[in-house]
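So you can see what is in the structure, the chains are spelled out below.
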Amino acid sequence: MAHRKQPPSFCYSRTDPSPRFDSLDIACNKKLCGVILLLLGVSNLQQIEPRKPKVPCYFIFGDSLVDPGNNNELSTSAKSNYPPYGIDFPHGSTGRFSNGRTAPDFFAQYLGFENIIPPFTTAKGEEILQGVNYASGSAGIRDETGTKLGINIGLNKQLENYNITISFIVSILKAKDSATKYLNQYLYSVGMGSNDYINNYFKPGYSTSTKFIPEQYATILIEQYSQQLTTLYSSGARKVALGGLGPMGCTPDAVASHETYGKLCVEEMNNAVRIFNDKLKQLVDELHEKFKDAKFIFLDNFGGLIKHISILGTNYKITGCCEVVKETGQCVPNTAPCRNSNLFIFFDSFHPSEAANPVTATSQITSLHGLFDTNGFGYS
């Protein structure tokens, strides 16, 4: 695909055809990017070099915030395998809902993985031993979530796909005991719930908001989430990071379609997020008590990001970097995005730009040490 000319920013070498992290170094003009790098706190991600991974394998479950392309062949409008998505990614429009790397891409690089974690739909052979990404745009905890946009891979189905991966791992390692040992050391990242609000509770056409107040709805979601995480535990997961919801009331779509009453964001939506996150923290404690041989941690995706939005929002309009389709909030296909995408928090009406995604990754690094022994990351 043809790439637009732009000032030096968050960009990649376009000469290396392989999706290796050593080809994804940030070449950032300090004068242009210095302020946003300082605000986002991502300088520690710029000097990463390939090395032995801190964990043997990284499994990712989630929605469009982390979808690497699992929706590409599905009958849905919730897909992003077209320009201008991927305009700052070496392989172009892979299906990531951003101009470049997503938070898992940054985090996998920090963990020391040589290659990007592949989507379930294309993962094959021994590459699955380093990880698989099962995430799907518009997917949620509830099966009906996001389905008005078309087909998606909800968390229940993602867990089924994970079991398919396990069967391949057992086959590769030639023994179920060996597979179980490895599965127990793997890192599992689960981030679900955003679409259960954006593409369900707060979406016209769904009945959940007329049946439940936010407190009741969050309780229902957490109860189902608990069952799903128990299934994941039963399938070998012992080190699980649960991502809390981000400030969805601060997305360009929310600000444009809801009353803010003079505030930067839509407080009704952010208050619903706070209720869900509080209940998710309680669930983490319950899972710790229930499964003594496992570790679950809560990752805060709200506090850090809303702080940066508040800082940047005083100087930059909370808007996307591309022209969007009104019905979906996604970029209009094959249109030119803004010139300085590194100065935008969001790329479209819902999804962070590559410049904002390191906020999520860096905020999680310290927390994730709690999943491992006192020496931090490591495995035998």
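Residues numbered from 1 in each chain as written. Predicted model: local features only at pLDDT ≥ 70, side-chain atom pairs only at ≥ 80, totals over all residues. Heavy atoms only, no water.

As named in an unreviewed UniProt entry, the protein is GDSL esterase/lipase At5g45670, taken from Theobroma cacao. The UniProt entry for the protein carries the following comment under Subcellular location (unreviewed entry): "Secreted". Entered under Sequence similarities (unreviewed entry) in the UniProt record, the comment concerning the protein runs "Belongs to the 'GDSL' lipolytic enzyme family." (UniProt positions renumbered as here; feature names shortened; annotations may be inferred.)

**Comments concerning the pairing of strand S1 (residues 58-61)**
Alternating residues of S1 divide into Tyr58 and Ile60 and Phe59 and Phe61, and every residue in both groups is buried. Looking at chain direction, S1 and strand S2 (residues 131-133) are connected through three bridges and run parallel. Note that in S2 the partner of Phe59 across the bridge is Val132. For the crossover from S1 across helix H2 (residues 103-111) to S2, the handedness is right-handed. Across four bridges, the pairing between S1 and strand S3 (residues 187-190) is parallel. Looking at S3, one finds that Phe61 is bridged to Val190. (Buried < 20%, exposed > 50% of the residue type's maximum accessible area, 1.4 Å probe, protein only. Helix = DSSP H or I, 4+ residues; strand = E, 2+ residues; numbered from the N terminus. Pairing = 2+ DSSP bridges. Right-handed = clockwise from strand over helix to strand, strands pointing away.)

**So, helix H7 (residues 214-234)**
Relative to the 30 Å expected for 21 residues at 1.5 Å per residue, H7 spans 30 Å between its end C-alpha atoms, a close match to the ideal helical length. Three or more residues of H7 are buried, namely Tyr217, Ala218, Leu221, Ile222, Tyr225, Ser226, Gln228, Leu229, Thr230, Leu232 and Tyr233. Note on H7: the residue one or two positions beyond its end, Gly236, has a positive phi of about 115 degrees. (Expected span 1.5 Å × (residues − 1).)

**Section: unusual backbone geometry**
For the peptide bond that leads from Pro83 to Pro84, omega is 15 degrees, which places it in the cis range. Unlike most non-glycine residues, Tyr261 shows phi in positive territory, near 55 degrees. Structurally, the position occupied by Tyr261 is in the loop between helix H8 (252-257) and helix H9 (267-290).

**As for helix H4 (residues 176-185)**
The periodicity of an α-helix, 3.6 residues per turn, causes residues three or four positions apart to be oriented the same way. Looking at H4, one finds that the buried residues are Ala179, Leu183 and Gln185. Projected onto a plane normal to the axis of H4, the buried residues spread over an arc of 160 degrees and lie on a single side. Tucked inside the fold, the buried residues of H4 contact S1, helix H3 (155-173), S3 and strand S4 (239-243). (Arc of directions from axis to C-beta. Contact = heavy atoms within 4.5 Å.)

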